[in-house]
Amino acid sequence: MRATVKGNLVVAAVQGLLGGLMFWFLDIHAPVLWGVLMAFLSLLPAGSSVVWLPVAIYFMVTGSVWKGLVLVGFGVLVIGLVDNLLRPILVGKDARMPDYVVLVSTLGGMAIFGLNGFVIGPVIAAMFMAAWHIVATEENGESG
């Protein structure tokens, strides 16, 4: 559970930092505020796109099409993928689970349990893997 929470907080901080840096690069007012807001919102299923997507749409509607496209591209390709790439690495390393199990259990947990699923999903997966290991070890010991 500690690995999941720590991993999620690190991913949220990285997403907020990257979003804040892009807002600073695009000369958007109060990039630190928006970066912190993105970090907090990245813990929710909708994620930090709740912040950067409306800003990108605003840019495109008001004539700053390049800024809007840059923000959408960076948001999808960098900020969005950080969650999918970094979370399994951070959580899986501490929880001693394969990356794909962490990713699937996190997404499945959030789909079933909502926001609490980002902790509950990997915990259930870890408990299943531990029980499987115990049963496999006992079976090998009895047949040998």
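Residues numbered from 1 in each chain as written. Predicted model: local features only at pLDDT ≥ 70, side-chain atom pairs only at ≥ 80, totals over all residues. Heavy atoms only, no water.

Engineer: Residues and numbers for the packing of aromatic side chains, please.
Structural biologist: Summed over all chains, the structure comprises two aromatic pairs. With centroids separated by 6.3 Å and ring planes inclined at 45°, the aromatic side chains of Tyr58 and Phe59 adopt a geometry described as tilted. Residue classification places Phe59 among the buried positions, given a relative accessible area of 9%. Measuring from centroid to centroid gives 5.7 Å for Phe128 and Trp132, while their planes differ by 45°, and the two rings are tilted. Here Trp132 and Phe128 lie together in helix α6 (residues 117–143), a separation of four residues that amounts to about one turn. Taken individually, Phe128 and Trp132 each receive the classification exposed, so the pair is uniform in this respect. (Phe/Tyr/Trp six-rings, centres within 6.5 Å; stacked < 30°, edge-to-face > 60°. Buried < 20%, exposed > 50% of the residue type's maximum accessible area, 1.4 Å probe, protein only. Helix = DSSP H or I, 4+ residues; strand = E, 2+ residues; numbered from the N terminus.)

Engineer: Report on the packing of helix α1 (residues 2–25) against helix α2 (residues 31–41), specifying residues and quantitative values.
Structural biologist: When two helices pack together, their arrangement is given by the angle between their axes and by how far apart the axes lie. In contact at an axis separation of 7 Å, α1 and α2 are set at 150° when each is read in the N-to-C sense. In this view, α1 runs roughly antiparallel relative to α2, as classed from their interaxial angle. By crossing handedness, the relation of α1 to α2 is classed as right-handed. Contacts between α1 and α2 pair Ala12, Ala13, Gly16, Gly19, Gly20, Phe23 and Trp24 from the former with Pro31, Trp34, Gly35, Met38 and Ala39 from the latter. For the contact of α1 with α2, the per-class residue count stands at eight nonpolar, four polar and no charged. (Axes fitted to C-alpha atoms, helices over the stretch in contact; angles between N-to-C directions. Parallel < 35°, antiparallel > 145°, perpendicular 65-115°, else oblique. Left-handed = near helix turned anticlockwise from the far one by under 90°. Contact = heavy atoms within 4.5 Å. Nonpolar A, V, L, I, M, F, W, Y, C, P; charged D, E, K, R; others polar.)

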